[in-house]
Amino acid sequence: MNQTLYWLPRVFGIMFIVVATLFVFDIERFSWGALFMHLLPALVVLVALLIAWKQEMIGGILFIILGIAYIILAWGKTPWMSFLVMSGPAFVIGGLFLLP
């Protein structure tokens, strides 16, 4: 397998986790519950990436499911650009994991 194709979805997944972690800075008043709630998306993506690291097919499907889940959960509550910013990378990473 091509090394670039092997590492590209993994690096994109790590970058996506870093971006999702930036939501921690959105906390207005610190509490452990607020910290956990803002880190929850990053933790979910981290678990998906750990699964995808060993089982690429399952991980690719999992990333696509995460992208669809965000669209379903945020439908009507956020502008369309947030779907592109949050679900778009999940779809791309999932697609890269599913490539042979």
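Note: the structure precedes this text.
Let me begin by describing the structure that accompanies this report. Please read these numbers as outputs of a predicted model, since none were measured by experiment.

Comments concerning the nonpolar core
Then, in step 1: Membership of the largest hydrophobic core comes to 13 residues, with the highest contact counts inside it found for Phe16, Ile17, Val45, Leu49, Phe63, Ile93 and Phe97.
Then, in step 2: Top element by residues in this core is helix 2 (residues 32-54). It accounts for 5 residues.
Then, in step 3: Once residues within four sequence positions are removed from consideration, Val45 is found in contact with Phe16, Ile17, Phe63 and Leu66.

Structural notes on the side chain of Ser82
Then, in step 1: Checked against the element boundaries, Ser82 lands in helix 4 (residues 80-98).
Then, in step 2: Other than its neighbours up to four places away in sequence, Ser82 contacts Tyr70 and Ser87.

Regarding the side chain of Ser87
Then, in step 1: Note that Ser87 resides in helix 4.
Then, in step 2: Within the structure, Ser87 has its side chain in polar contact with the backbone oxygen of Gly67 (distance 2.9 Å).

Quick notes on the packing of helix 3 (residues 56-74) against helix 4
Each pair of packed helices can be summarised by the angle the axes make with each other and by the distance between the axes.
Then, in step 1: Put simply, helix 3 and helix 4 touch, their axes get as near as 7 Å, and they point 165° apart. Our classification of the angle between helix 3 and helix 4 gives roughly antiparallel. As helix 3 runs across helix 4, the sense of the crossing is left-handed. Judged by residue contacts, Glu56, Met57, Gly60, Ile61, Phe63, Ile64, Gly67, Ile68, Tyr70, Ile71 and Ala74 of helix 3 engage Ser82, Phe83, Met86, Ser87, Ala90, Phe91, Ile93, Gly94, Gly95, Phe97 and Leu98 from helix 4.

Cut-off values and rules
- Residues numbered from 1 in each chain as written.
- Predicted model: local features only at pLDDT ≥ 70, side-chain atom pairs only at ≥ 80, totals over all residues.
- Heavy atoms only, no water.
- Core = buried A, V, L, I, M, F, W, Y, C linked by side-chain atoms within 4.5 Å.
- Buried < 20%, exposed > 50% of the residue type's maximum accessible area, 1.4 Å probe, protein only.
- Helix = DSSP H or I, 4+ residues; strand = E, 2+ residues; numbered from the N terminus.
- Contact = heavy atoms within 4.5 Å.
- Polar contact = N/O pair within 3.5 Å; in protein donor to acceptor, adjacent residues only side chain to side chain.
- Axes fitted to C-alpha atoms, helices over the stretch in contact; angles between N-to-C directions.
- Parallel < 35°, antiparallel > 145°, perpendicular 65-115°, else oblique.
- Left-handed = near helix turned anticlockwise from the far one by under 90°.

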